[in-house]
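Now for the letters of each chain:
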Amino acid sequence: MARPKVAADPKVDDEGDERLVERFRGGDGAAFDALVRRYQRPIFGLALRYLGNEADAQDVAQRALVQAFVRVADLRDGQSFRAWVFRIAANLALNVIRDRKPEAPLCDDVAVALAREPVVEEEAQRRLRQAVTRLPPQQRLVVELRVFQELPFRAVAEIAECSEDAAKVNFHHALKKLRVLMNEEEP
Amino acid sequence: MTDEELQARLRRLAGSSDKDERFWDEMAANVRAAWAAEKARADAGGGKPAAAVADLAARRRRRWLAGPMAGALALAAALLLWMRVHQHRPTPAAAPELLLAPDEISLFGSDGDEADEMIDELDAPALDRVAQGLKKGA
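Residues numbered from 1 in each chain as written. Chains lettered and ligands numbered in written order. Predicted model: local features only at pLDDT ≥ 70, side-chain atom pairs only at ≥ 80, totals over all residues. Heavy atoms only, no water.

Participant: Could you clarify how one ought to interpret the overall build of chain A in this entry?
Facilitator: Broken down by element type, chain A carries ten helices and zero strands. Buried positions account for 47% of the 187 residues belonging to chain A. If you take every contact in chain A between residues at least 6 apart in sequence, the share linking residues at least 24 apart comes to 64%. Carbon and sulfur atoms provide 52% of the accessible area of chain A, an area that totals close to 9,600 Å². (Helix = DSSP H or I, 4+ residues; strand = E, 2+ residues; numbered from the N terminus. Buried < 20%, exposed > 50% of the residue type's maximum accessible area, 1.4 Å probe, protein only. Contact = heavy atoms within 4.5 Å. Areas by Shrake-Rupley, 256 points an atom, 1.4 Å probe, with all protein chains shown as cover.)

Encoded structure:
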């Protein structure tokens with residue numbers, strides 16, 4: 001049975017997250033839909049980069065969004081919904097990685113997408129992608145948010161639950177570590 | 001490689017989203033349906049969904065800890081039992097027993113004779129015994 005399509009409402013879509021969450025708590029379904037549409041793409045992208053395959057990424061993205069709404073009562077005053085949902089998604093993705101059997105190879109949908117690249121460039125990108133997976137969780141999160149989500153450090157700090165200065169330091173260390181890891185993997 | 005070059009290469013990893021609108025519509029519908037199911041369960045008295053979701057992690061942690069803790073308790077109990085069994089108890093000092101060699105005589109006999117029985121009151125057989133004892137002692 002086909003599920004009813006989640007309709008877009010331009011008026012609601014333009015509202016800020018805080019207002020939408022308030023309306024959602026009041027039972028407004030349109031606010032719920034607006035938040036889902038706003039975050040499903042970036043959350044799916046984050047999950048795909050963490051997990052390397054679309055099926056797992058879709059599952060994690062959906063679970064993260066559901067959890068974010070189910071547990072919205074735990075959202076602290078002043079904490080943004082964006083930080084909330086990103087943090088849930090990152091933790092769920094890390095749980096999936098942790099629970100994966102070590103010998104199971106990653107299904108590399110991302111590599112397939114890069115198949116158009118010249119061979120040498122693809123190899124360098126592959127090394128870079130592998131290096132990112134080997135970053136410590138906090139550094140990986142900071143890179144994800146700063147580079148892929150293009151968030152300012154203030155927003156990165158909120159999601160990573162650290163100070164803005166710590167987020168910048170983490171990012172700097174992450175880039176340094178990526179260079180080291182990439183050099184390790186050079187033939 | 002500078003930071004900017006590295007960041008540019010990282011951004012290329014992001015790739016482009018080639019998902020059409022139907023994909024996103026379906027995902028949004030799935031999220032809505034799942035949330036509605038959780039809400040219905042919570043409303044029907046299935047417990048707070050937030051608590052149920054959070055409880056999963058706690059239960060997993062408890063199961064993980066149960067085994068090693070049970071083992072540690074069993075080991076402690078076994079050690080305690082072993083210590084009690086092998087605890088050195090000082091044996092009571094043995095009371096010195098008065099043991100008479102078979103060929104020794106008791107001058108005063110064992111029949112409850114009065115200890116202060118005078119020698120001159122001893123009869124001949126008793127006197128012989130005394131004499132033999134004295135010879136031995138010499």
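Participant: In this structure, what is going on with the environment of Leu151(A)? I would like to understand it.
Facilitator: Its place among the elements puts Leu151(A) in the loop between helix H8 (137–148) and helix H9 (153–160). Beyond its immediate chain neighbours, meaning those up to four positions away, Leu151(A) contacts Arg82(A), Leu145(A), Arg146(A), Val156(A) and Ile159(A).

Participant: Which parts of the structure should I look at to understand unusual backbone geometry?
Facilitator: Glycine aside, residues mostly have negative phi, and peptide bonds are mostly found in the trans state. Residue and element names in this part refer to chain A. At Glu150, a position not held by glycine, the phi torsion is positive, near 55°. Checked against the element boundaries, Glu150 lands in the loop between H8 and H9. Phi at Glu161 takes a positive value of approximately 55°, unusual for a residue other than glycine. Following the sequence through the fold, Glu161 ends up in the loop between H9 and helix H10 (164–185). When its relative accessible area of 47% is taken as the criterion, Glu161 is described as partly exposed.

Participant: So what exactly am I meant to see when it comes to the interface of chain A and chain B here?
Facilitator: Think of interface size as the accessible area that goes away when the parts come together; that is how it is often given. Listed by partner, the interface residues are 41 residues for chain A and 30 residues for chain B. Carbon and sulfur atoms make up 64% of the area that chain A and chain B hide from each other, which totals about 3,500 Å². The tally of links from chain A across to chain B stands at five salt bridges. Residue Lys19(B) is joined to Glu54(A) by a salt bridge in which the shortest nitrogen-to-oxygen separation is 2.5 Å. Scanning the region where chain A abuts chain B turns up ten residue pairs in polar contact (both at pLDDT 80 or more). Elements represented by at least two residues in the side of chain A that touches chain B include exactly helix H3 (29–51), helix H4 (54–70), helix H7 (119–133), H8 and H10 of chain A. Grouping the amino acids of the side of chain A that touches chain B by side-chain chemistry returns 23 nonpolar, six polar and twelve charged. (Buried area = accessible area lost by both parts, 1.4 Å probe. Salt bridge = Lys/Arg side-chain N within 4 Å of Asp/Glu carboxyl O. Polar contact = N/O pair within 3.5 Å; in protein donor to acceptor, adjacent residues only side chain to side chain. Nonpolar A, V, L, I, M, F, W, Y, C, P; charged D, E, K, R; others polar.)

Participant: Honestly, helix H5 (residues 81–99) of chain A in this entry has me stumped. Any pointers?
Facilitator: For an α-helix, the turn length of 3.6 residues means that residues three or four places apart are oriented alike. Compared with an ideal rise of 1.5 Å per residue, which puts 19 residues at 27 Å, H5(A) spans 27 Å between its outermost C-alpha atoms and is within 8% of the ideal. Every buried residue of H5(A) is accounted for by Phe81(A), Ala83(A), Trp84(A), Val85(A), Phe86(A), Ile88(A), Ala89(A), Ala90(A), Leu92(A), Ala93(A) and Val96(A). (Expected span 1.5 Å × (residues − 1).)

Participant: Got a minute to help me understand the packing of aromatic side chains in this structure?
Facilitator: How two aromatic rings sit relative to each other is set out by the distance from centre to centre and by the angle between their planes. All told, the structure shown has twelve aromatic pairs over all chains when counted by the stated rule. Here Phe69(A) and Phe81(A) contribute two aromatic rings whose centre-to-centre distance is 5.4 Å and whose plane-to-plane angle is 40°, an arrangement assigned as tilted. Pair noted here: Phe69(A) is in helix H4 and Phe81(A) is in helix H5, with a separation of twelve residues, a long-range link. Judged by its relative accessible area of 2%, Phe69(A) falls in the buried class. Among the residues examined, Phe81(A) registers a relative accessible area of 2% and is labelled buried. Three or more aromatic residues joined by ring pairs form one cluster here, namely Phe24(A), Phe32(A), Tyr39(A), Phe69(A), Phe81(A), Phe86(A) and Trp35(B). (Phe/Tyr/Trp six-rings, centres within 6.5 Å; stacked < 30°, edge-to-face > 60°.)

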